[in-house]
Amino acid sequence: MDQPTKERIRKLHPSVREEITQIIKECDIALTGRAKVRITQGLRTFAEQDELYAYGRTKPGKKVTNAKAGQSIHNYGLAVDICLIIDGKIASWDTVKDWDNDQVADWYECVKIFAKYGWDWGGNWKTFKDLPHFEKKGYKWRNLIQKKRDSEGYVFL
């Protein structure tokens, strides 16, 4: 597991840190070839969320999210986005490539591992598919936004 991934895990909600560490380890073991998982996004502040929401609306570019501040599970440290790092240096979001030649796309090997631990994949969404995105099942932003927070800013679950 690379340093950027470890740093992003440390900022996730405390309730999922150990689990996501295990998920990433299992993914890396399953990907016996040239690919390893990197978490590209974990906890996102409300300000960062509003900045992303502005793309394709008040800022140039295409829309990257339909979630305003507080409406993303990232805002609570209960979601991650990933990519595959190929040969330790090239980022890939290719969902069909089989870097380890085991007849299963590496991305889908990871999707299955995340699912085993109870994480939803944004690629299964009906609209606005988000292939790099995984979030812990059972949490809705409408409930999370109302919860009290601890001294570090994490919601009480």
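Scroll up for the structure.
Just so you know, the residues in each chain are numbered from 1, in the order the chain's sequence is written. Confidence filtering applies because this is a predicted model: local features only for residues at pLDDT of at least 70, side-chain atom pairs given and counted only at 80 or more, and all residues used for totals across whole chains, interfaces and linings. Only hydrogens and water are set aside; all other atoms, that is, all heavy atoms of the structure, feed into the side-chain values.

1. Quick look at the environment of Pro132
Along the polypeptide, Pro132 turns up in the loop between strand S4 (119-121) and strand S5 (133-136). Taking C-alpha positions, Pro132 is 15 Å from Ile20, a pair spaced 112 residues apart along the chain. Setting aside chain neighbours within four positions, we find Pro132 in contact with Val80, Asp81, Ile82, Trp93 and Trp107. Strands here are runs of E lasting at least two residues and helices are runs of H or I lasting at least four, both read from the DSSP assignment and numbered beginning at the N terminus. Contacts: residue pairs with any heavy atoms within 4.5 Å of one another.

2. Here we look at the pattern of salt bridges
A side-chain nitrogen of Lys or Arg and a carboxyl oxygen of Asp or Glu constitute a salt bridge if their distance falls within 4 Å. For the structure shown, the criterion picks out seven salt bridges. Residues Asp2 and Arg38 are paired through a salt bridge, measuring 2.6 Å at the closest nitrogen-oxygen approach. In this pair, Asp2 sits in the segment before helix H1 (3-11) while Arg38 sits in strand S1 (residues 35-41), placing the two residues 36 residues apart along the sequence. With a 1.4 Å probe rolled over the protein chains alone, any residue whose accessible area is under 20% of its type maximum counts as buried; one over 50% counts as exposed, and the rest are partly exposed. Residue classification places Asp2 among the partly exposed positions, given a relative accessible area of 22%. Given the relative accessible area of 24%, Arg38 is considered partly exposed. The partner of Arg34 in a salt bridge is Asp87, with the nearest N and O atoms 2.8 Å apart. Residue Arg34 is located in the loop between helix H2 (17-30) and S1, and its partner Asp87 is located in the loop between strand S2 (79-86) and strand S3 (90-92); the two are separated by 53 residues in the primary sequence.

3. A few points about the packing of H1 against H2
Helix packing geometry: the angle between the two helix axes and the distance between the axes. In this description, a line fitted to the C-alpha atoms serves as the axis of each element, helices being fitted only across the stretch in contact, and the angle between N-to-C directions of two axes falls anywhere from 0 to 180 degrees. Closest axis-to-axis distance for the H1/H2 pair is 9 Å, and the angle between their directions is 155 degrees. As summarised for this structure, H1 and H2 are arranged roughly antiparallel, according to the angle between their axes. H2 is crossed by H1, and the crossing has right-handed handedness. Residues Thr5, Ile9 and Arg10 of H1 touch H2, and the partners they reach there are Arg17, Ile20, Thr21 and Ile24. Every angle not falling under 35 degrees, over 145, or within 65 to 115 is termed oblique; those three ranges are roughly parallel, roughly antiparallel and roughly perpendicular. Each crossing gets its hand from how the near helix is turned against the far one by less than a right angle, where anticlockwise is left-handed and clockwise is right-handed.

4. A short note on the pairing of S2
Among the eight residues in S2, eight count as buried, and that is most of the element. The alternating pattern of S2 places Ala79, Asp81, Cys83 and Ile85 on one face and Val80, Ile82, Leu84 and Ile86 on the opposite face, and all of these are buried. Any two strands with at least two DSSP-identified bridges between them are counted as paired. Note that S2 and S5 share three bridges and pair antiparallel. Directly across from Ala79, in S5, lies its bridge partner Glu135. Bridge count between S2 and S3: three bridges; the pairing is antiparallel. Along S3, the bridge assignment pairs Ile86 with Ile90. Following S2, the chain reverses through three residues before pairing antiparallel with S3; Asp87 in that reversal takes a positive phi of roughly 55 degrees.

From the geometry alone we can't say anything about function, so treat these as descriptive.
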